[in-house]
Structure formats: structure tokens, C-alpha cells
Amino acid sequence: MTVLVTGSRGRVASTLLGLLDAAGLKARAASKNPADLSPPPGVDTVRCDLADPATFDTALTGVDSVFLYAEAGHAGTFAERARAAGVEHVVLLSSSSVLAPDAADNPIAASHLAAERALSAAADAGFFEATHLQPGAFATNALQWARPLRDGRGPALPHPHSHGDPIHERDVAEAAFAALTEPRLRGSSYLLTGPESLTFVEQLAVLAEVTGRPAPHTVVTPEEWKASVTGFMPEPFADALLSYWAAHDGRPTPLTRTVEELTGHPARTFAAWAADHEEDFRP
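A brief look at the structure comes next. Positions within a chain are numbered from 1, following the residues in the order the chain's sequence is written. With the structure being a predicted model, the display of local features is reserved for residues of pLDDT at least 70 and the display and counting of side-chain atom pairs for 80 or more, all residues being used for whole-chain, interface and lining totals. Working from all heavy atoms in the structure, the side-chain values ignore hydrogens and water.

## What about the packing of aromatic side chains?
Link 1 in the chain: Aromatic rings from Phe, Tyr and Trp, with only the six-membered ring used for Trp, were paired whenever their centres fell within 6.5 Å, and each pair was classed as stacked if the ring planes differed by under 30 degrees, edge-to-face if by over 60, and tilted otherwise. Counted under the stated rule, the structure contains 8 aromatic pairs.
Link 2 in the chain: With centroids separated by 5.8 Å and ring planes inclined at 85 degrees, the aromatic side chains of Trp145 and Phe200 adopt a geometry described as edge-to-face. Pair noted here: Trp145 is in the loop between β6 (129-135) and α5 (146-150) and Phe200 is in helix α7 (residues 200-211), with a separation of 55 residues, a long-range link.
Link 3 in the chain: By relative accessible area, Trp145 is classed as buried at 6%.
Link 4 in the chain: The interplanar angle of 75 degrees and the centroid separation of 5.0 Å between the aromatic rings of Trp225 and Trp245 together place this pair among those described as edge-to-face. Placement of the pair is Trp225 in helix α8 (residues 222-228) and Trp245 in helix α9 (residues 235-247), with a sequence separation of 20 residues.
Link 5 in the chain: Burial here depends on accessible area, computed with a 1.4 Å probe over protein chains only, as a share of the maximum for the residue type. Under 20% is buried, over 50% is exposed, and the range in between is partly exposed. Relative accessible area serves as the criterion here: at 10%, Trp225 is assigned to the buried category.
Link 6 in the chain: What links up through ring pairs into an aromatic cluster is the set Trp145, Phe200, Trp225 and Trp245. Secondary structure elements are defined from DSSP: runs of H or I of at least 4 residues count as helices, runs of E of at least 2 residues count as strands, and each element is numbered from the N terminus.

## Overview of the sheet that holds strand β3 (residues 44-47)
As a general point, the strands of a sheet are linked pairwise by backbone hydrogen bonds and lie either parallel or antiparallel.
Link 1 in the chain: For two strands to count as paired, DSSP must find a minimum of two bridges between them. Spatially, the 7 strands line up as an open sheet ordered β3-β2-β1-β4-β5-β6-β9, and their pairing is parallel. In this open sheet, the two strands that pair with only one neighbour each are β3 and β9 (189-192). Here the average twist between neighbouring strands, direction ignored, is 20 degrees.
Link 2 in the chain: Taken together, the 4 bridges between strand β1 (residues 2-5) and strand β2 (residues 26-31) define a ladder with parallel strand orientation. From the neighbouring strand, Val3 faces β2, where its bridge partner is Ala27. Geometry is summarised by axes, namely lines fitted to C-alpha atoms with helices restricted to the contacting stretch, and by angles between N-to-C directions that run from 0 to 180 degrees.

## Notes on helix α6 (residues 169-181)
Link 1 in the chain: Expected helix span is taken as 1.5 Å per residue step, with the number of steps being one fewer than the number of residues. The end-to-end C-alpha separation of α6 is 18 Å, in line with the 18 Å expected for 13 residues at 1.5 Å each.
Link 2 in the chain: Buried residues dominate α6, accounting for 10 of its 13 residues.
Link 3 in the chain: Buried within α6 we find Glu169, Asp171, Val172, Ala173, Glu174, Ala175, Ala176, Ala178, Ala179 and Leu180.

## Topic: the pattern of salt bridges
Link 1 in the chain: A carboxyl oxygen of Asp or Glu within 4 Å of a side-chain nitrogen of Lys or Arg is what we treat as a salt bridge. What the rule picks out here adds up to 14 salt bridges.
Link 2 in the chain: Note that Arg268 is salt-bridged to Glu174, the shortest N-O span being 3.2 Å. Taken together, the positions of Arg268 in the loop between α10 (258-263) and α11 (270-276) and Glu174 in helix α6 put the pair 94 residues apart, joining distant regions of the chain.
Link 3 in the chain: For Glu182, the salt bridge is made with Arg184, and the minimal N-O distance between the two is 2.9 Å.
Link 4 in the chain: Judged by relative accessible area, which is 26%, Glu182 ranks as partly exposed.

## Some words on the packing of helix α3 (residues 75-85) against helix α4 (residues 107-124)
Link 1 in the chain: At a closest axis distance of 8 Å, the pairing of α3 and α4 adopts a crossing angle of 30 degrees. The angle between α3 and α4 places the two elements in the roughly parallel class. For the element pair α3 and α4, the recorded crossing hand is right-handed. Residues Ala75, Gly76 and Ala79 of α3 touch α4, and the partners they reach there are Ala115, Ala118, Leu119 and Ala122.
Link 2 in the chain: When grouped by side-chain class, the residues that make up the contact of α3 with α4 number 6 nonpolar, 1 polar and no charged. Each angle gets one of four labels, with under 35 degrees taken as roughly parallel, over 145 as roughly antiparallel, 65 to 115 as roughly perpendicular, and the rest as oblique. Should the near helix be turned anticlockwise from the far one by less than a right angle, the crossing is termed left-handed; should it be turned clockwise, right-handed. Residues count as neighbours in contact if any of their non-hydrogen atoms are within 4.5 Å of one another. When residue character is reported, Ala, Val, Leu, Ile, Met, Phe, Trp, Tyr, Cys and Pro are called nonpolar, Asp, Glu, Lys and Arg charged, and the others, Gly included, polar.

## What to know about the environment of Val206
Link 1 in the chain: Within the secondary structure layout, Val206 lies in helix α7.
Link 2 in the chain: Judged by its relative accessible area of 17%, Val206 falls in the buried class.
Link 3 in the chain: Put simply, Val206 and Phe270 are 64 residues apart on the chain and 7.5 Å apart in space, counted from C-alpha to C-alpha.
Link 4 in the chain: Setting aside residues no more than four positions away along its own chain, Val206 makes contact with Phe270, Ala271 and Ala274.

Pasting the structure below:
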């Protein structure tokens, strides 16, 4: 089996490459800029820009399975080229946001939902089997707090008591590995969560305990937070995040045991993630 791993600079994809290589499975690391990749020794690299269909055929040649990031723009074309290449199975890294009632109108969820629909249509047409992984909040989102914490200020939070279900990127990669290597798991959608529902304040407390350094925060209004991100975040995305945080303020996130069901071990805690990334938070 040869597995094409798209987005190989990403944390999930790069971890997945290591798992495939350790298992003796042939993997091909794909990226828009393959020269920037550092895959395990012996793993080939290839250019595959999910925004450029002209790169699809070469990347897919000789591939049996694909780990695919949810880029909606050309998902249908990717599915067609995957079929032409003889691909048997595509595992899509989607998002739990697709399960929200307003997913089609939510700029964060919409691209994932469109990619899911494109692959599901291809699977229904008999092109290949499609499996959707739907993780909730990535624990790595906390890395955006690293600089303000190193500076001693901490993040500015509009909804500090909003809950999330932080999931370790390695758990997502291991779930993808299971879906790619166990035929019984093909063709389903899997909602992945971390093992705990934690507020932002609780996550900061965990970081303080793990690093041995204070992890303060300030409270700002939604309007103040939105103004602070104007330079690098489109307004619709900022509005979607504020709406999500407000909806989960004081409301624990429902959890699943899907990580354990797929991988055979419980999902890693946020404290375990913090210990793995401790150096990112040190001066």
C-alpha cells in the first residue's frame, strides 16, 4: 500500500508520516512546497497543491490511499483524479464544526462540509471509499498564547469561561493511521474529542502547572478582541469564533471515546499535550 499524505508540513500529517514509516508502510509526503519538508529517511516527497489541480495527477500516480486536508475549492476535481489514478480510499481531515446546524453558513465549517460532500458524492458513485475524521478543538490552538505568556502578559480573552475539548494532534494522527490501515473502519465518519471539556481559564491553569510559570489572562470585550485581530483574520472568521465561544460559555463540550475506539488507548489529556510542548511556552 502506498499512502499519499497531503499537507505534510502540518502537525497531524507529519506525525502520520512517522507512524506509517515505523509500520513499514510506503508513504509519499505531499506539500505545496515539498522542498520545505523533512520526512523520515526514505520517504519520497511530491508537490501537491490542493489549490492547483495541475499538481494532482503526478502526486496520485501509484497511490492506493490518501490522507487529505479539507480544501474545498477543488475537492471534486481531486476526487475525480483520485478515481482515475485507482485510489481505493481517502481519509479526510474534516472538523466537528460540520455537525453544527449552521455549518453551511459558517465560514469555518463551510469548507470542511463542502469537502466532505464532494468526497461522499464520489464514494456514493463508487469512485473509492471515503472516511471522515471530525476532530473538535485542537490543543495546538493554545500555541497562540505562547508569546503573550512568555512576555508575562497572557492572552486577552473575550470569553474566558468558554469550553473546548482540546485534542492532541498525535491522537488525530493515530486515528488517521487506524482508518488507513484497518479496512473495517473505512467509509464512516468519526467525531474525535479530547478526554476533557476545559475552559480557557482551566487550560491556562494546566499550562501554569506544567511549566511552573504564571499563566495570566485579561478579559476584553468581543469588540476589543475583534479589533485586535483585524490585521490577520477575516471578519467573518472572527465573528464565527466569537459566536462559537459565546455559545459554549459555561457550557461543557460533549465528549466521545472515539479516539480510544480507533487507537486502543484513551485520548491524551491537555496536561500531556502541555508537557509535550512545554518548551514552546518558556522564555
